[in-house]
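Architecture at a glance
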There are 2 protein chains.
Amino acid sequence: MNQLDLVRELAEKATTKIVMLVADGLGGLPLDPGGKTELETAATPNLDRLAARGTSGSSIPVLPGITPGSGPGHLGLFGYDPLEFKIGRGALEATGIGFELGPEDVAARGNFCTLDSAGLISDRRAGRIPSEESFKVVERLQGVKIAGVETFVKPVKEHRFVVVFRGKGLDGGVADTDPQATGVAPLDPQPQTAAAQRTADVAKEFVRQSRAILADEPKANGMVLRGFAAKPQLPTFEQLYRLRAAAIAVYPMYKGLARLAGMTLVGKSQSLDEQIDELARHWQDYDFFFLHFKYTDSTGEDGNFADKVRRIEELDRAIPRIEKLRPDVLIVTGDHSTPSLLKSHSWHPVPTLLVANTCRPDGLAKFSERDCLRGGLGMFPAKYLMLLAMAHASRFGKYGA
Amino acid sequence: MNQLDLVRELAEKATTKIVMLVADGLGGLPLDPGGKTELETAATPNLDRLAARGTSGSSIPVLPGITPGSGPGHLGLFGYDPLEFKIGRGALEATGIGFELGPEDVAARGNFCTLDSAGLISDRRAGRIPSEESFKVVERLQGVKIAGVETFVKPVKEHRFVVVFRGKGLDGGVADTDPQATGVAPLDPQPQTAAAQRTADVAKEFVRQSRAILADEPKANGMVLRGFAAKPQLPTFEQLYRLRAAAIAVYPMYKGLARLAGMTLVGKSQSLDEQIDELARHWQDYDFFFLHFKYTDSTGEDGNFADKVRRIEELDRAIPRIEKLRPDVLIVTGDHSTPSLLKSHSWHPVPTLLVANTCRPDGLAKFSERDCLRGGLGMFPAKYLMLLAMAHASRFGKYGA
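How each quantity is defined
Residues numbered from 1 in each chain as written. Chains lettered and ligands numbered in written order. Predicted model: local features only at pLDDT ≥ 70, side-chain atom pairs only at ≥ 80, totals over all residues. Heavy atoms only, no water. Disulfide = S-S within 2.5 Å. Buried < 20%, exposed > 50% of the residue type's maximum accessible area, 1.4 Å probe, protein only. Core = buried A, V, L, I, M, F, W, Y, C linked by side-chain atoms within 4.5 Å. Helix = DSSP H or I, 4+ residues; strand = E, 2+ residues; numbered from the N terminus. Contact = heavy atoms within 4.5 Å. Buried area = accessible area lost by both parts, 1.4 Å probe. Salt bridge = Lys/Arg side-chain N within 4 Å of Asp/Glu carboxyl O. Pairing = 2+ DSSP bridges. Axes fitted to C-alpha atoms, helices over the stretch in contact; angles between N-to-C directions. Least-squares fit on C-alpha atoms with pLDDT ≥ 70 in both. pLDDT = per-residue confidence, 0-100. Parallel < 35°, antiparallel > 145°, perpendicular 65-115°, else oblique. Nonpolar A, V, L, I, M, F, W, Y, C, P; charged D, E, K, R; others polar. Arc of directions from axis to C-beta. Phe/Tyr/Trp six-rings, centres within 6.5 Å; stacked < 30°, edge-to-face > 60°. Lys NZ or Arg CZ within 6 Å of the ring centre and 35° of its normal. Polar contact = N/O pair within 3.5 Å; in protein donor to acceptor, adjacent residues only side chain to side chain.

**Considering the state of the cysteines**
Throughout this description, disulfide means a covalent bond between two cysteine sulfur atoms. Residue and element names in this part refer to chain A. For the structure shown, the criterion picks out zero disulfides over all chains. There is no disulfide at C359, and the cysteine sulfur nearest it, in C372, is 13 Å away. Here C359 falls in the buried class, since its relative accessible area comes to 13%.

**Describing the nonpolar core**
Side chains of nonpolar character tend, in soluble globular proteins, to be buried together. Core analysis: the biggest nonpolar cluster contains 64 residues, and I66 of chain A together with Y80, F237, M263, F288 and F290 of chain B have the highest contact counts within it. With seven residues, helix 14 (residues 385-392) of chain B is the single largest residue contributor to this core. Ignoring anything within four residues of it in the chain, the contact list for F237 of chain B reads F78, Y80, R242, L243, A245, A261, M263, F288 and M386 of chain B. Judged by nonpolar contacts, the second largest core, of 53 residues, contains Y80, A91, A107 and M386 of chain A.

**Structural notes on the interface of chain B and chain A**
Opposite the 24 residues of chain B that make contact, chain A presents 33 residues. When the buried area of chain B at its contact with chain A is split by residue, R360, Y399 and A401 of chain B rank highest and sum to 33% of it. Counting every contact that joins chain B to chain A gives zero salt bridges. Secondary-structure elements contributing two or more residues to the side of chain B that touches chain A are helix 1 (3-10) and helix 14 of chain B.

**Section: the sheet that holds strand 13 (residues 378-381) of chain A**
Residue and element names in this part refer to chain A. Strand order in the open sheet made by the eight strands is 9-8-10-1-11-12-2-13, with mixed pairing throughout. Looking along the sheet, the strands with just one partner apiece sit at the ends: strand 9 (264-265) and strand 13. The pairing of strand 2 (residues 55-60) with strand 13 spans four bridges and is parallel. Within strand 13, the position partnered with G57 by the bridge is G378. In this fold helix 3 (residues 45-53) packs onto strand 2, strand 11 (329-333) and strand 12 (350-355), with an angle of close to 65° to the strand it touches most, strand 12. Strands strand 1 (18-23), strand 10 (288-293) and strand 11 of the sheet are contacted by helix 4 (residues 70-77), whose axis makes an angle of about 155° with strand 1.

**Some thoughts on the pairing of strand 2 (residues 55-60) of chain B**
Side-chain positions along a regular strand alternate between the two faces of the sheet. Strand 2 of chain B sits mainly inside the fold: six of its six residues count as buried. Going residue by residue along strand 2 of chain B, you find T55, G57 and S59 of chain B tucked away on one face and S56, S58 and I60 of chain B tucked away on the opposite face as well.

**So, the environment of G172 of chain A**
Position of G172 of chain A relative to the elements: it lies in the loop between strand 6 (160-166) and helix 7 (197-213). Those residues in contact with G172 of chain A that sit more than four places away from it in its chain are V106, F228, A229 and A230 of chain A.

**A few points about the pairing of strand 12 (residues 350-355) of chain B**
Residues and elements named next belong to chain B. Counting buried positions along strand 12 gives six out of six residues, so the element sits mostly inside the fold. Covered by surrounding structure in strand 12 are V350, T352 and L354 together with P351, L353 and V355, the residues of both alternating faces. Where strand 11 (residues 329-333) and strand 12 come together, three bridges link them in antiparallel fashion. Each bridged residue has a counterpart across the sheet, and for V332 the counterpart in strand 12 is L353.

**Concerning the pattern of salt bridges**
One pass over the full model with this rule turns up 53 salt bridges over all chains. One salt bridge connects R140 of chain B with E217 of chain B, and the closest N-O pair in it is separated by 2.8 Å. Taken together, the positions of R140 of chain B in helix 6 (residues 131-140) and E217 of chain B in the loop between helix 7 (197-213) and strand 7 (222-230) put the pair 77 residues apart, joining distant regions of the chain. The exposure class assigned to E217 of chain B is buried, which follows from its relative accessible area of 16%. Members of the salt-bridge network, linked through shared partners, are E93, R109 and R160 of chain A.

**Remarks on the sheet that holds strand 13 (residues 378-381) of chain B**
Backbone hydrogen bonds are what pair the strands of a sheet, in a parallel or an antiparallel way. Residues and elements named next belong to chain B. Sheet architecture is open: eight strands sit in the order 9-8-10-1-11-12-2-13, paired in mixed fashion. Strands with a single pairing partner mark the edges of an open sheet, and in this sheet they are strand 9 (264-265) and strand 13. The strands that helix 4 (residues 70-77) touches are strand 1 (18-23), strand 10 (288-293) and strand 11; relative to strand 1, the one it contacts most, it runs at about 155°. Sheet contacts for helix 10 (residues 272-281): strand 1, strand 8 (245-248) and strand 10; angle to strand 10, the most-contacted strand, approximately 175°.

**Some thoughts on the relation of the copies chain B and chain A**
After a rotation of 125° and a shift along the axis of 0.0 Å, chain B superposes on chain A with an RMSD of 0.3 Å. Here the symmetry operator amounts to a three-fold rotation axis. Ranked by how close their C-alpha atoms come to the rotation axis, the residues of chain B are headed by R374 of chain B, at 3.8 Å. When the interface residues of chain B are mapped onto chain A, a mere 4% of them again lie at the interface, so each copy presents a different face.

**Focus on unusual backbone geometry**
Residues and elements named next belong to chain A. In this model, R128 sits at a positive phi of 45°, which is unusual for a non-glycine residue. Along the chain, R128 falls in the loop between strand 4 (121-123) and helix 6 (131-140). R128 gets classed as exposed once you look at its relative accessible area, which sits at 60%.

**Here's the deal with the confidence of the model for chain A**
Taken residue by residue, chain A gives an average pLDDT of 96. The fraction at 70 or more is 100%. Interface predicted TM-score (ipTM) for the complex: 0.91; the corresponding pTM is 0.92.

**Side note on the packing of helix 5 (residues 89-96) of chain A against helix 9 (residues 252-260) of chain A**
Residue and element names in this part refer to chain A. Interhelical geometry of helix 5 versus helix 9 gives an angle of 120° and a closest axis separation of 7 Å. On the basis of their axis angle, the class for helix 5 and helix 9 is oblique. Within the contact between the two elements, helix 5 uses L92, T95 and G96 and helix 9 uses P252, M253, G256, L257 and L260. Residue composition of the contact of helix 5 with helix 9, by class: five nonpolar, three polar and no charged.

**Looking at helix 10 (residues 272-281) of chain A**
Every α-helical turn comprises 3.6 residues, leaving residues that sit three or four positions apart pointing alike. Residues and elements named next belong to chain A. Among all positions of helix 10, only L272, Q275, I276, E278 and L279 are buried. For helix 10, the arc enclosing every buried residue in end-on projection is 155°, short of the 170-degree limit, so these residues lie on one face. Of the surrounding elements, those touching the buried residues of helix 10 are strand 1, strand 8 (245-248), strand 10 and helix 12 (305-324).

**A closer look at the packing of aromatic side chains**
Residue and element names in this part refer to chain A. Enumeration according to the criterion identifies 24 aromatic pairs over all chains in this entry. An angle of 65° between the planes, with centres 4.8 Å apart, marks the rings of F237 and Y241 as edge-to-face. With a gap of four residues between them, F237 and Y241 both fall in helix 8 (residues 237-241), about one helical turn apart. Owing to a relative accessible area of 0%, F237 belongs among the buried residues under this scheme. Since its relative accessible area comes to 0%, Y241 is described here as buried. Of the aromatic side chains, those joined through ring pairs into one cluster are F78, F237, Y241, F288 and F290. Across from the ring centre of Y295, 4.1 Å away, lies the NZ or CZ of R311, which sits over that ring.

**Re the environment of S210 of chain B**
All names here are of chain B. Examined against the element boundaries, S210 turns out to sit in helix 7. Assessed through its relative accessible area of 1%, S210 is described here as buried. Filtering out sequence-adjacent residues up to four positions away, S210 remains in contact with L141, V144 and M223. A distance of 2.7 Å separates a polar side-chain atom of S210 from the backbone oxygen of F206.

**A few points about the side chain of T296 of chain B**
All names here are of chain B. By the secondary structure assignment, T296 is in helix 11 (residues 295-301). By relative accessible area, which is 0% here, T296 ends up buried. A polar atom in the side chain of T296 sits 2.7 Å from the backbone oxygen of D24. Ignoring any residue separated from it by four or fewer positions in sequence, one finds T296 in contact with A23, D24, G25, K308, R311 and I312.

Take a look at the structure:
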């Protein structure tokens, strides 16, 4: 029996509240061998107090040694095996700019490029076109009309955009049209399976009309399309866990990931304080709250150890306000590590803390990577975290008699 | 998505170097309850220093409680799930004597036996025939000729030998001919699947001609064949990890296992010092080096605790020479435990150490079974070790966006 079937079988209705606070990229590394990580450096009296009350551990986002993107990182936290459920590149890009994909949509990432008079790519990034210019180019593409299909073109940044085709019988199995070189023409959209023939035809027609519309553009007169993908079919939190789930996030990517799991987006908060305002405001309306804190990741990506330390301390200061709501289960974790030493996501385990009245003491008094190694949750795949949340929230029946 | 597909998708070219030092049967047990294991008894200043710099853990070769042979033990270390990939007995025996199996080969283990005048087995070990006598018997079997098939007969030890049939359309699905009793005749080779009919016929003809040739042998006038098996189809290190891999081993079995994973055998070293000479000599030519040290296993099998301690100390003294080459990732582990108390392989977790600049400190200062329990790698399936090696060697891209 797989994990999701098990969950569906055991989940019971209850009135308990679960808060999952995801500090993006929380785990770190010391700058010097044997030194302290960002979390170990930060003053975190509140998290330390929770560590003494709760159970800690180290979660592995995908598998040991595997560095996840935000998609697989969050899928694991939400209880979906990130090796089984995949969010195609186009779908993730659309999600990242806040485009809500529907069941009949296929999304692709687009890159504007410059074509010479022979139709060959002379610049793969359209002369490093600035966002304000390319946004106007995207605007012109709203004129594309394809019979039987609704087309959405949305700007991302610089030469990048997203195109979404909406219609019956579309399929993500279309090959990239990017030849990955200059001096050659973009490839024609080719179906990789019979089911994707129509989608390939639609994409071809989109490219044909775009070329005509953009013929007079000095930089962005061509395009390549990549990562064709439909919306991933995830069973929702309601279907799986019988949880009414709310997401309180600032950035479109994380809102989008939460929507894919069927969570309701709540509020338009811009800061952690405002996010907690929203949490308090909607406390009675939902059973599960996903709170996303971005800045532990972005400071790590910037390679700014001191800033990441400060962001962790900001997170720590927010804890008492969350505690005041008396969640039955409070989880503090990350979707992956982002050590400022590496300036990127990494594969290292993520310090994780679960607080509930049913926690077995593990003798820890601090929340840190080193302490988590000795914690009662051990080293565990992130996809099991929701099982623990459900158990501590008294929302699971017994398995077998 | 399974582990090997994931590896193939994420592996990137790089110039980093990985050394995997496998101390065969490294893990041990104390002689007295609560005492020290062989590794805990040994003076290992170099390994302890590495433990302080790197990350330690306990690897589980197959599953908890499962004692592996050398085949599954090494498959796990190389990243192949030992429950999915199997090396048939005949193929492993051929590998163990240094016979390099080709894609058209089927190998079987042979035991000489003594048949009475009625053709019934009177001695299942051919009167405990000594190796020098049985080697001559094997020599006589070189006279067997089977149409369309090349036949190789190789001595192993005492009454044991290996036979390899090479030809198109052969298949390992042939049942053992050993009736496991005296007073009965050896069984005829029977196909277990339709695809193995021809192989069964070939084996039958081999037995028929052998009986004729050996009719005048006083002890070894008959034989039984067991463990028919083709070469296992393992994707190579190059295909999976994009690693040019070299194996530096003394014993044929481990050279053979490395060859099955597509590694290149390097040098003809007889001692650990010579193995490290080879390592230095070929440092520029390969990305991954498998160094096999046999004597931690053989002393354990002998039940010689003190000798195993000495062999571990010999291993420890070799460490600085390996460090001097500045590998990006240095792993010290074993393929299984061989406690001298048990005089055999065992199922106990294997102390494992990984050293790289991207290690998160786990606060250990000693390399031992007890310390590894508190290490940053946790308790993990051996098949994940190569994932960690690849990550720390900056040879993996990100999974998902």
